[in-house]
Structure formats: structure tokens, C-alpha cells
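# Geometric and topological summary
Below are the chains, spelled out letter by letter.
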Amino acid sequence: MKHSFNIVANHKPATLERVLRVVRHRGFALQTFNVSASDSEQVAIELTVTGERPIATLQTQLDKLYDIAHLELIPANADAQSAGIRA
Amino acid sequence: MTGAQLVLKVLQQHGVKHVFGYPGGAIMPIYDAFYDSELDHFLCRHEQGAVFSAIGYARSTNQVGVCMATSGPGATNLVTGLADALLDSIPVVAITGQVFSSLMGTDAFQEVDVLGMSLAVTKHSFIVEDINDLARVLHDAFELAQSGRPGPVLVDIPKDIQIGQVDFEPYPIPKPELPEFSLEQVEAARSLISHAKHPVAYVGGGVGMADAVDELNDFLTTTKIPAVATLKGLGAVDPTYPYYLGMIGMHGTKASNLAVQECDLLICIGARFDDRVTGKLDTFAQKAKVIHLDIDKAEFGKLRKPDVAIRGDFKKLIPQMKTVVDIGEWQQQVSDLKAEHAWRYDAPGEGIYAPALLNELSQKLPHDHVVSCDVGQHQMWVAQHMQFTSPTNHLSSGGAGTMGFGLPSAVGAQIARPDTMSVVVTGDGSFMMNVQELGTIKRFQLPLKIVLLDNQRLGMVKQWQELFFEERYSETDLSDNPDFVALARAFGLKAKTIHSRFEVSDAIDQMINTDGPFLLHVVIDEKANVWPLVAPGKANHEMIEG
Ligand SMILES: Cc1ncc(C[n+]2csc(CCOP(=O)(O)OP(=O)(O)O)c2C)c(N)n1
């Protein structure tokens, strides 16, 4: 299953490493990882991962990271679902 | 003042009185500041000793434990303790010196990327990049270590920051914010409880850490719901509560494992469905609905899907769970189970039966004592056969199972609670893993009592080899152990060896009545095993006995 997150994090040493470590350690594989440091304070991260475990287990672990200010899970296969509704 | 002086001032603002550590080049400015500070620094004999002392300090008081180390090897020696604190949710603040900022990234002498190293073993970690951030980072570290689910926090401080100049400012310690829970959730939980015919409370370490032991016992005595505890939950349930069945899990009591397998409602209070508790997960309490109460919402559904999950402060949440239940038949069933599977202490022969010794020791110790153990068979015997009136009185490495935990964690507890008798129960393997801390005991004249159960084996591993590896005893023989009595005496401890069960009573009395530190070296049969046992991959009702 593929899942996407939009994250806003404090731009601190090791913020990105922490996110990547949690993704791997909790059993998910990284698909895409886009980072834009809009200012020196915050960094925006778009993350796509795949994995078999319930995505809530990753979401809550990421959410616990101290430097994550905002975390949004984009509903799984949003495109496919809306396509399904149209069909 | 200097950054180094500020570090110690901030510790004092947070009420710290005792620090455990070991000096070195990159943290020398902070050690220099200790020289005329009111803080008491305790020199341990290895950084691992320092971090476990901080853990023992934290666990025996529910306050933050603080340890320090220099850069490079000093910091890497902390890793095992930090991992231990992370897995057991222990509030620890570790401060490490780092090489000068200008040298970082050049492979300077004793430079290790400590921030990078810390990621997997701390709740959070900081590197201080600007001296003006130093105080705030330290305040954050204390707040983080204690808030929500507690854990270890590391602060890495480059040497230039320690010697830089900075102003000290007063800081009002904020009150921790506790999560709110909804009455709707409480109602849903209460409804499950009042409709249950066979409920069991599954009590974990979270109860003690939330300081909610009284609230838990009030809930239990009001509802008379049977209770079981995890290794870290031991001491939370009053041991005289008639429907308390003891420890659950791999080496739990038969009564508690069978009751949980039979229950129709499992009320999980500050526990996390660890595999050593559940056995084969999909066979665990199969018929039960689950109420999960915790401070960390990441635990909800991580291993077992709850029917009702409530995140909250246990001091407020547990009293809300009280409701009327009608479970007379179940109480009878549980009482019968408890009677049927009560421990027996009669063993054949003249040798010393460790469970009987520990049971006797438990009865003879003063009411409010601390027992800290190492890891292996002796640890499980402590959990089975000693009784605790508070989780702060039972220190055991649960999540990590770290050999070498016992001696230094008892050092921390003895310093935190100087008037409490502290006892280490250790094995001949584990004792040697932080044996250098006998030097700390000697230096600070700590009146620790050490009970060393010597089976001349890495007993727990040997037990598994016997049961699951066709008796192929690979690398578990310790029959060339040192002379432990001579070793203890070299560090100024009184010491004695016993071999026969007829010596046990007098030896325990002698140990308890000795003023200073004492090591009781207990020779036990290498064939003794821990029973009952749930084999790996098996269900908890399939316990085996010797
Ligand atoms: C640091 C560490 N290394 C290895 C182990 C694996 N291990 C678990 S129990 C055990 C044997 C412990 O022997 P001992 O301390 O003599 O206690 P006993 O089981 O004999 O009571 C070992 C090696 C561990 N838990 N921790």
C-alpha cells in the first residue's frame, strides 16, 4: 500500500534523518521524499512510502517526533478512490 | 558566567541534586564548574555505570536521572543505557561534551557524531549550536524527558559553547500539560466493564510512572476485578489484594496467564502488549474485548486493536473507570486458579533453592526496600518470588533486558534514597558486566546488599539451549568464575559464600544486619531452571513446567 504525508517540521539538525529513520524502522519503504526549506525555521516535507503494516502505526510514530510541527496523512490511493467514484 | 556554569545552574533550577558521570577532554569545562558547585557529582567507573545509575535514580524516585560523559568513547559508552531507558520509558537527561564546533566534521580527536548515534536510542536529542540556545535546550530536555511517555533525552554540547560567556536567567518551570479525554470515551469503557463477565486488569509500568498506584488500587478494591502485572508493573498492585494473580507472560504465574486467556475483557493500563507478555499474539486473550489506557497514543493498536482506547493522565483517568460489576462467579474461578497454582518452596536435597531463598529474603527485608536485579534466571525468580509495595521498589531491565543493569542501578537508587535498604540480586554472568562499579560503592561507602546467585553458567541462555537447542551448551559455561568473595573484599565489602539451604536464614540475617555493603555469594545448582515457561511462539495457556 502506498501512502503520502505532508509534513512541516522545525529546521533542526537531524530532523530529516529522524523522519527517514522512523519510516525505515517502523517497516515502510521510501518512495519519494521532497524537501523544501522555505526559511531557516521550518522545512516542508512531502513523503510517499509503501508498506504492509497499518499506516496509523507510522503516522503516530512520526507525529511523536519532537520537531514535527504539522503532519497530514493524505488518504491512501486518493486518486484511485475518486476515479472509482466517477466510474 | 560560562556555558559550563550555566549547565549546572540549569540543572539546579530543575531540582537536580545528584549527577552521575565520567570526565574527559571535551567535557572538562563542565567538570571544572563542578569543582565549586553545590551539585553532588558521583564518579562512576564506566559511562555505562553512570547512565544505569541515572536510570536507577529515576526509577526509584520517579524523578529525572542525570548523567554526563565526554565526547567520542564517553558518549558511545552511554548508548546501551539510553536504549534501556528508551525501551522502559525512563526519564533521563544525558549531557555529553563534544569537540569544538569548528572541528566537528573533521574527524577530530574523540569526535563521534553523537547526535547521529543518538537517534535510535533517545526520545529526542539536541546539539547546542549557539550559546544563547543553551539554557532553553536544557529546559526543553528536562520537559521532554518527563512529559507524556517519559524517556531519555541527550544534549550534546561542543566545548566552545561550554567555555563561552552567557547570562543566567530565572526560568519558571512550566506545569506539564496533560491530555484531556472525553466523557464519551469514559462511558464506552465503563459500559464494557459493567457488562463484562470475566474482566481482568492488565497492569503495566505506566501506572507507577503516572504516580497512580493509589488510584489503581482504589479502582481494584472497589470493583474487585482480578489483576495481573507486567514485569514493570510489579509493585503497582497491592500484593495482598485477593484477586491479584502476579506476573503475566513468558515466566508469569500460571494463574495469571490462564485467567487472561479466559477473560472476556482485558483492561490494559499502561502496558504495551510486549511479546514477552502476550506469547503468540493472535492467541492472546482471544475472547477478550480490549480497553487500552495509555499516555502514548502510538501504543493504541500497535499490536492489539482496542475496542476502546483512551489517552490520559492515569491519576484522573483510572478513577473514572470505577463502575458496578457483577462478577462473583469469575472471582471464585480466579481464586481457585490462584490457590491451585500457588508457588511451592519445598525442593529436594540440601542445595540452595533460589526461589525459596528469594522468598525468605523478601519476607525479611524492611517494608520499604529497593531490589534491583540483573538479567537472566535470577531476574525472573525475583519477579516471581519477591513482593513489592511500589513499582519504585523494583528495578529491572524490562524492555531491553540489559545484563549489567543491577549493580549501577542500585547505586543510583541508594544515592536517591539513602535511608532505604537497597539490594542487588544478580547472576554470575551479569555481575561481571559492570563489576567495576564496586569501586563506586567503595568510594561513596554505599551500604548496598548484593545477592549473587552463582550457577556457574549464563543460566537463562543455558536453559534455552537445554530446551530448544538439543542441550548443545555453546559458550554458556562460567565454571572458571573468579573468587567473588575475594573480589568483593578487594573493594571493601564484607562477603560470604553459602552452599547449603541450612545456611540461608542466618546468612540473610547477617547481610541485612551488616551496616556497610555486603555480598552474599550463593552457590546454586547449575541445573535449576525457571518455571513455568511459555516457549517462544507458543500461546500463554501452553505453559510448560519442569
Ligand atoms: C548485555 C546482554 N548481553 C547478552 C544478553 C543475553 N542474555 C540474557 S540472560 C543471559 C545469561 C545471564 O546469566 P547470569 O547473569 O549468570 O544469570 P542467570 O541466568 O544465570 O541467573 C544472557 C547472556 C543480555 N540479556 N544482555
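Residues numbered from 1 in each chain as written. Chains lettered and ligands numbered in written order. Predicted model: local features only at pLDDT ≥ 70, side-chain atom pairs only at ≥ 80, totals over all residues. Heavy atoms only, no water.

Per an unreviewed UniProt entry, chain B is named Acetolactate synthase, and its organism is Saccharobesus litoralis. Looking at the Catalytic activity (unreviewed entry) heading of the UniProt record, one finds this comment for chain B: "2 pyruvate + H(+) = (2S)-2-acetolactate + CO2". The record held by UniProt for chain B lists under Sequence similarities (unreviewed entry) the comment "Belongs to the TPP enzyme family." (UniProt positions renumbered as here; feature names shortened; annotations may be inferred.)

An unreviewed UniProt entry lists chain A under the name Acetolactate synthase 2 small subunit, with Saccharobesus litoralis as the source organism.

Our focus in this paragraph is the domain arrangement of chain B. For interface size, the figure often reported is the accessible area lost on association. Residues and elements named next belong to chain B. Domain annotation for chain B reports domain 1 (3-163), domain 2 (183-341) and domain 3 (354-532). Across the interface of domain 2 and domain 3, roughly 1,300 Å² is buried in total on both sides, 69% from carbon and sulfur atoms. Ranking the residues of domain 2 by area buried against domain 3 places Leu-231, Leu-234 and His-251 at the top, with a combined share of 46%. The interface formed by domain 2 and domain 3 includes zero salt bridges. Seen at the junction of domain 2 and domain 3, the total is three residue pairs in polar contact (both at pLDDT 80 or more). (Domains from an automatic or database assignment. Buried area = accessible area lost by both parts, 1.4 Å probe. Salt bridge = Lys/Arg side-chain N within 4 Å of Asp/Glu carboxyl O. Polar contact = N/O pair within 3.5 Å; in protein donor to acceptor, adjacent residues only side chain to side chain.)

A word on the packing of helix α1 (residues 15-25) of chain A against helix α2 (residues 55-63) of chain A. Residues and elements named next belong to chain A. The contact between α1 and α2 brings their axes to 10 Å, and the two run at 150°. The angle between α1 and α2 falls in the class roughly antiparallel. The element α1 and its partner α2 pack so that their crossing is right-handed. In this structure, α1 contributes Val-19, Val-22 and Val-23 to the contact, and α2 contributes Leu-58, Gln-61 and Leu-62. (Axes fitted to C-alpha atoms, helices over the stretch in contact; angles between N-to-C directions. Helix = DSSP H or I, 4+ residues; strand = E, 2+ residues; numbered from the N terminus. Parallel < 35°, antiparallel > 145°, perpendicular 65-115°, else oblique. Left-handed = near helix turned anticlockwise from the far one by under 90°. Contact = heavy atoms within 4.5 Å.)

Okay, the pattern of salt bridges next. All names here are of chain B. Within this structure, the stated rule accounts for 22 salt bridges over all chains. A salt bridge links Asp-218 to Lys-322; the nearest nitrogen and oxygen atoms lie 2.6 Å apart. Taken together, the positions of Asp-218 in helix α11 (residues 213-223) and Lys-322 in the loop between α14 (314-320) and α15 (328-340) put the pair 104 residues apart, joining distant regions of the chain. With a relative accessible area of 35%, Asp-218 lands in the partly exposed category. For Lys-322, a relative accessible area of 31% gives the class partly exposed. Note that Asp-368 and Arg-417 form a salt bridge whose closest N and O atoms lie 3.3 Å from each other. Taken together, the residues span a long stretch of sequence, with Asp-368 in the loop between α16 (354-364) and β13 (370-373) and Arg-417 in the loop between α18 (406-416) and β15 (422-427) at a distance of 49 residues. (Buried < 20%, exposed > 50% of the residue type's maximum accessible area, 1.4 Å probe, protein only.)

Here we come to the confidence of the model for chain A. All names here are of chain A. Per-residue confidence for chain A gives a mean pLDDT of 89; residues scoring 70 or more make up 86%. Helix α3 (residues 78-86) is the least confidently modelled element of chain A, averaging 44 in pLDDT, while α1 averages 98, the highest of any element. For the stretch residues 80-87, pLDDT sits under 50, and the model shows one contact to residues farther than four places along the chain or on other chains. (pLDDT = per-residue confidence, 0-100.)

Residues and elements named next belong to chain B. One pass over the full model with this rule turns up twelve aromatic pairs over all chains. Seen in terms of ring centroids, Phe-20 and Tyr-57 are 5.8 Å apart; in terms of plane orientation they differ by 65°. Their pairing is edge-to-face. Here Tyr-57 lies in helix α3 (residues 47-61) and Phe-20 lies in strand β1 (residues 18-21), a separation of 37 residues in the sequence. Across the pair, Tyr-57 and Phe-20 agree in class, each one buried. (Phe/Tyr/Trp six-rings, centres within 6.5 Å; stacked < 30°, edge-to-face > 60°.)

Attention shifts here to the site of the ligand. All names here are of chain B. Contacts to the ligand come from 17 residues, most closely from Gln-377, Gly-401, Gly-429, Ser-430 and Gly-459. In this structure, Gly-429 approaches the ligand through a main-chain N or O atom, which is 2.8 Å from an oxygen atom. Between an oxygen atom of the ligand and a main-chain N or O atom of Arg-457, the distance comes to 3.1 Å. For the ligand, the protein covers 76% of the area, taking 580 Å² as the surface of the free molecule. Sorting the residues of the shell around the ligand by element identifies α17 (377-385), α19 (428-431) and α21 (459-468) as the ones contributing at least two each. Taken together, the residues of the shell around the ligand sort by class into six nonpolar, nine polar and two charged. (Near = heavy atom within 4 Å. Areas by Shrake-Rupley, 256 points an atom, 1.4 Å probe, with all protein chains shown as cover. Nonpolar A, V, L, I, M, F, W, Y, C, P; charged D, E, K, R; others polar.)

This next bit is on helix α7 (residues 134-146) of chain B. All names here are of chain B. Look at α7: 19 Å from first C-alpha to last across 13 residues, which is about the 18 Å you get at 1.5 Å a residue. Of all the residues in α7, the buried ones are Leu-134, Val-137, Leu-138, His-139, Asp-140, Ala-141, Phe-142, Leu-144 and Ala-145. Following α7 by one or two positions, Gly-148 adopts a phi angle in the positive range, close to 55°. (Expected span 1.5 Å × (residues − 1).)

The next subject is the sheet that holds strand β3 (residues 65-69) of chain B. Residue and element names in this part refer to chain B. With parallel pairing, six strands are arranged side by side in an open sheet as β2-β1-β3-β4-β6-β5. Strands at the two margins of the open sheet, each flanked by one partner only, are β2 (40-43) and β5 (124-127). The mean angle between the axes of side-by-side strands here comes to 20°, regardless of whether they run parallel or antiparallel. In this fold helix α5 (residues 79-87) packs onto β4 (92-98) and β6 (152-158), with an angle of close to 145° to the strand it touches most, β6. (Pairing = 2+ DSSP bridges.)

Let us now look at the UniProt feature "domain: Thiamine pyrophosphate enzyme central" (unreviewed entry) in chain B. In the numbering adopted here, UniProt assigns the feature "domain: Thiamine pyrophosphate enzyme central" (unreviewed entry) to residues 186-320 of chain B. Helix and strand shares over residues 186-320 of chain B are 34% and 20% respectively, and the end C-alpha atoms of the span are 7 Å apart.

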